[in-house]
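Chains, contacts and geometry: an overview
One letter stands for each residue in the lines below.
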Amino acid sequence: MLTIVAFILVLSVLVFIHELGHFLFAKRAGILVREFAIGFGPKLFSIFRGETLYSIRALPLGGFVRMAGEDPETVEIPTGSRVTAEQEEKGRLIRIYLGDVPAKGKVVTGKVLEMDLEKELFLVLEDEEGRQTRFSVHPQAVIQRDEKNVLQIAPQDRQFGSKTIGQRASTILAGPVFNIILSIILFAILTMMTGVETKVSIYKVNPGSPAERAGLKAGDEIVSIDGEPIRNTEAVSMNIQKSKGEPLTFEVRRAGSTFELEVDPEWNEQNKMYWIDVQLQPHMRKATLSEAVASGFKDTYLWTVRIFDGFGQLITGQIGIESLGGPVQIASITGQAAEAGSIPLIRWTALLSLYLGVFNLLPIPALDGSRLAFIAFEAVRGRPVDPNKESLVHFVGFALLMMLMLVVTYNDIMRVFYSG
């Protein structure tokens with residue numbers, strides 16, 4: 001139960017932050033946001049505020065911000081249909097009823113002869129005596145079919161596609177960037193909670209390890225690696241990974257003496273990484289606010305490098321698709337982190353947020369990075385790509401992502417099965 005609750009809460013926070021980025025920048029650009037949703041599937045809860053429906057849906061595996069103009073607009077009134085419309089003080093139509101919904105205030109009725117709800121914003125009605133009247137439509141007017149089916153019109157200047165390249169790009173970019181900013185904040189909070197590392201020593205050297213063969217011993221302080229000063233455990237790990245198995249020169253301090261040892265990292269097939277098989281011991285002190293903020297940026301950068309290194313290993317075949325984890329594994333690790341305490345949970349949340357941000361920036365169809373690529377292509381060629389072709393690319397990409405999700409979920413289930 002703890003695993004499920006922790007997974008839902010963590011994922012909901014990450015999705016909320018991601019979609020909040022899209023939402024705030026869409027609002028800033030003047031785009032009509034129809035819905036801000038956490039989750040997919042049937043609505044569990046929804047509330048309408050301003051111009052936007054805020055909803056929580058049944059499947060907590062994502063979310064979306066639905067902006068006017070992203071998909072073909074379906075706000076229309078069939079020609080020849082009879083409508084009843086409320087007028088505001090200036091005479092503009094503010095609410096148009098298509099069904100048997102009681103109208104309030106000053107109303108007009110008639111048969112629809114002509115309309116434009118995107119550019120000129122007007123509606124031509126014919127009354128029972130055959131007289132035709134052209135009415136202006138309020139830019140925030142709504143069309144109501146029944147008590148629950150209400151849809152606000154989207155004038156062209158409120159649609160996503162009408163905005164400048166910069167406004168559209170910033171709206172799409174904001175989602176991943178907000179996730180990366182969250183990672184920086186969480187890593188900074190971790191530093192405030194745990195302190196900053198001042199030096200690193202070796203706590204344990206495992207028998208038969210590359211470290212033991214090189215002559216490293218428990219208690220050794222790692223001063224530098226290949227001339228680079230070492231102040232934290234991340235620096236040790238990063239240097240080992242960057243070595244690609246090539247020898248490293250460790251400068252160590254032991255019993256007051258400083259000397260150098262050559263260490264040959266080895267590839268660990270189980271963990272899919274290079275290692276020297278030691279347990280490190282960081283030496284900590286309390287961090288100042290500026291140190292915590294700097295550490296937040298630094299840790300985010302270091303983990304971003306690791307993430308791209310992992311992508312590179314996947315592309316080059318150093319690691320296979322069977323090593324990828326999906327929702328089941330993420331949920332399992334989230335539960336373990338929650339059981340271990342606040343610090344592991346915050347660290348894991350920071351990493352997940354960073355993965356979500358970085359992964360979404362990749363130019364993979366159906367992801368934010370792909371949409372940014374189309375906008376960039378539009379900026380270069382001077383005109384947008386055919387929306388139908390772009391939609392097809394995103395649809396195919398989404399289908400492939402779903403297939404990948406099924407594969408990694410199967411891997412997760414098999415791991416759970418065999419570990420049990």
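What counts and how
Residues numbered from 1 in each chain as written. Predicted model: local features only at pLDDT ≥ 70, side-chain atom pairs only at ≥ 80, totals over all residues. Heavy atoms only, no water. UniProt positions renumbered as here; feature names shortened; annotations may be inferred. Helix = DSSP H or I, 4+ residues; strand = E, 2+ residues; numbered from the N terminus. 1 Å grid on protein atoms, 1.4 Å probe; cavity = no way out; pocket = protein on both sides within 12 Å on 5 of 7 lines; lining within 4 Å. Points joined across faces, edges and corners; volume = space filled by probe spheres on them. Nonpolar A, V, L, I, M, F, W, Y, C, P; charged D, E, K, R; others polar. Salt bridge = Lys/Arg side-chain N within 4 Å of Asp/Glu carboxyl O. Buried < 20%, exposed > 50% of the residue type's maximum accessible area, 1.4 Å probe, protein only.

An unreviewed UniProt entry lists the chain under the name Zinc metalloprotease, with Planifilum fimeticola given as the organism. Regarding the chain, the UniProt comment filed under Subcellular location (unreviewed entry) reads as follows: "Membrane". According to its UniProt record, the chain has this under Cofactor (unreviewed entry): "Zn(2+)".

1. Topic: the UniProt feature "transmembrane region" (unreviewed entry) in the chain
In the numbering used here, UniProt assigns the feature "transmembrane region" (unreviewed entry) to residues 177–196 and 392–410. Between the C-alpha atoms that bound residues 177–196 the distance is 26 Å, and the span itself is 90% helix and 5% strand.

2. Observations regarding the layout of surface pockets
Empty space among the atoms can be located by rolling a probe the size of a water molecule over them. Volume-wise, the second largest pocket comes out at about 310 Å³. Taken together, 15 residues line the second largest pocket, and the ones lying closest to its centre are F48, L53, R66, V150 and L151. Put simply, the parts of the chain that give the lining of the second largest pocket at least two residues each are β1 (33–49), β2 (52–67) and β8 (150–152). Ranked by residue count, the leading element in the lining of the second largest pocket is β1, at 4 residues. Within the lining of the second largest pocket, the residues separate by chemical class into 6 nonpolar, 2 polar and 7 charged.

3. Focus: the pattern of salt bridges
Using the criterion set out here, one finds 15 salt bridges in the structure. The shortest N-O distance in the salt bridge between R213 and E266 comes to 2.3 Å. In this pair, R213 is assigned in helix α3 (residues 210–214) and E266 in strand β14 (residues 266–268), connecting sequence segments 53 residues apart. With relative accessibility at 53%, the residue R213 sits in the exposed group. Salt-bridge contacts for D220 lead to R254; the nearest nitrogen and oxygen are separated by 2.7 Å. With D220 in the loop between α3 and β10 (221–225) and R254 in strand β12 (residues 248–254), the pair connects residues that are 34 residues apart, well separated along the chain. Overall, D220 belongs to the buried group, its relative accessible area being 1%. Taken together, the salt bridges that share partners define one network made up of K27, E51 and R158.

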